[in-house]
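What the coordinates show
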Amino acid sequence: DQQVKQNSPSLSVQEGRISILNCDYTNSMFDYFLWYKKYPAEGPTFLISISSIKDKNEDGRFTVFLNKSAKHLSLHIVPSQPGDSAVYFCAAITDTGNQFYFGTGTSLTVIP
Amino acid sequence: GAGVSQTPSNKVTEKGKYVELRCDPISGHTALYWYRQSLGQGPEFLIYFQGTGAADDSGLPNDRFFAVRPEGSVSTLKIQRTERGDSAVYLCASSPDGNTEAFFGQGTRLTVV
């Protein structure tokens, strides 16, 4: 039972443009959401997070939006850079939970 | 800086053998997680430690898998009678106190032949 879903396995974007990565979840008890970035042969690297009490969190070129009613979050990267090319994982956890639930990832390619 | 360290980075073993995978978490982090990642999939939860105790081991696939964290720092994931289906990247992560962002190591790629 996949509680966190990333329905786009891949995305290609021109350098300088906006990248939008999407994530949907089914568990209404999730209250903390995270995005991780992963390069080949490395572990996932924490990128940005958002609490369910917010609908937006921004950190430099990265912004995460949360729509609780739609059980949807998205990561915006603007402007996109070639070094952003990686696999991005969405993750979620409940306030009493002991595990992060991960999506299957979206492979982002930023074309120079 | 001292991040999460996992050893070995690669391990090839024969079917039926026993393996141990080690994780050194970030100093002071009380929460420690083990995940497993197969190709094309997201990380899959195995076990969560809070301090020395396994607070949640519901993700361990069967009794061939076991993990310990005797002093609340280093953890070892142990797999007995390995099977080819155990081949995956095993990821360890730590968090200051659980329920906030977890920081991952580079993983151990286990290949069972």
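Residues numbered from 1 in each chain as written. Chains lettered and ligands numbered in written order. Predicted model: local features only at pLDDT ≥ 70, side-chain atom pairs only at ≥ 80, totals over all residues. Heavy atoms only, no water.

**A closer look at a nonpolar patch on the surface**
Residues and elements named next belong to chain A. There is a patch of nonpolar side chains on the surface, built from Ile18, Ile20 and Val78 and spanning about 230 Å² of accessible area. Mapping isoleucine 18 onto the fold places it in the loop between strand 2 (10-14) and strand 3 (19-25). For isoleucine 18, a relative accessible area of 41% puts it in the partly exposed group. (Patch = residues over 30% accessible without salt bridge, like charges linked within 9 Å, V, L, I, M, F, W, Y side chains within 5 Å. Areas by Shrake-Rupley, 256 points an atom, 1.4 Å probe, with all protein chains shown as cover. Salt bridge = Lys/Arg side-chain N within 4 Å of Asp/Glu carboxyl O. Helix = DSSP H or I, 4+ residues; strand = E, 2+ residues; numbered from the N terminus. Buried < 20%, exposed > 50% of the residue type's maximum accessible area, 1.4 Å probe, protein only.)

**What to know about the pairing of strand 6 (residues 53-56) of chain B**
Residues and elements named next belong to chain B. As paired strands, strand 5 (residues 44-50) and strand 6 are joined by 3 bridges and run antiparallel to one another. Residue pairing across strands places glutamine 50 opposite glycine 53, the latter belonging to strand 6. In this antiparallel pair of consecutive strands, strand 5 and strand 6, the connection spans 2 residues, and glycine 51 shows a positive phi of 70 degrees. (Pairing = 2+ DSSP bridges.)

**Overview of the interface of chain B and chain A**
With 21 residues of chain B in contact, the opposing surface of chain A contributes 21 residues. Summing both partners gives a buried area of about 1,600 Å² for chain B against chain A, and 57% of it is carried by carbon and sulfur. Our count for the contact surface shared by chain B and chain A stands at 0 salt bridges. One can count 3 residue pairs in polar contact (both at pLDDT 80 or more) joining chain B with chain A. (Contact = heavy atoms within 4.5 Å. Buried area = accessible area lost by both parts, 1.4 Å probe. Polar contact = N/O pair within 3.5 Å; in protein donor to acceptor, adjacent residues only side chain to side chain.)

**Describing unusual backbone geometry**
In this structure, the amide linkage connecting valine 78 of chain A to the following residue, proline 79 of chain A, adopts the cis form with an omega of -10 degrees. Counting through the fold element by element, proline 79 of chain A comes out in the loop between strand 8 (72-77) and strand 9 (86-94). Going from threonine 7 of chain B to proline 8 of chain B, the amide bond is cis rather than trans, its omega being -10 degrees. Of note in the backbone geometry, alanine 41 of chain A takes a positive phi value of approximately 65 degrees without being a glycine. Summarising the element assignment, alanine 41 of chain A is placed in the loop between strand 4 (30-38) and strand 5 (45-51). Owing to a relative accessible area of 70%, alanine 41 of chain A belongs among the exposed residues under this scheme.

**Some thoughts on the side chain of serine 94 of chain B**
Residue and element names in this part refer to chain B. Examined against the element boundaries, serine 94 turns out to sit in strand 9 (residues 88-95). Classification of serine 94 by relative accessible area gives buried; the value is 0%. At 3.3 Å, the side chain of serine 94 forms a polar contact with the backbone nitrogen of isoleucine 26. Among all residues touching serine 94, those that are not within four sequence positions of it are Val4, Pro25, Ile26, His29, Ala31, Leu32, Glu101, Ala102 and Phe103.

**Examining the packing of aromatic side chains**
Per the stated rule, a full pass over the model turns up 15 aromatic pairs over all chains. Judged by centre distance (5.9 Å) and plane angle (70 degrees), the rings of tyrosine 36 of chain A and phenylalanine 46 of chain A are edge-to-face. Of the two residues, tyrosine 36 of chain A is situated in strand 4 and phenylalanine 46 of chain A in strand 5; the sequence distance between them amounts to 10 residues. By relative accessible area, which is 0% here, tyrosine 36 of chain A ends up buried. Aromatic rings pair up to connect Tyr36, Phe46, Phe100 and Phe102 of chain A together with Tyr33, Tyr35, Phe45, Tyr48, Phe103 and Phe104 of chain B into one cluster. (Phe/Tyr/Trp six-rings, centres within 6.5 Å; stacked < 30°, edge-to-face > 60°.)

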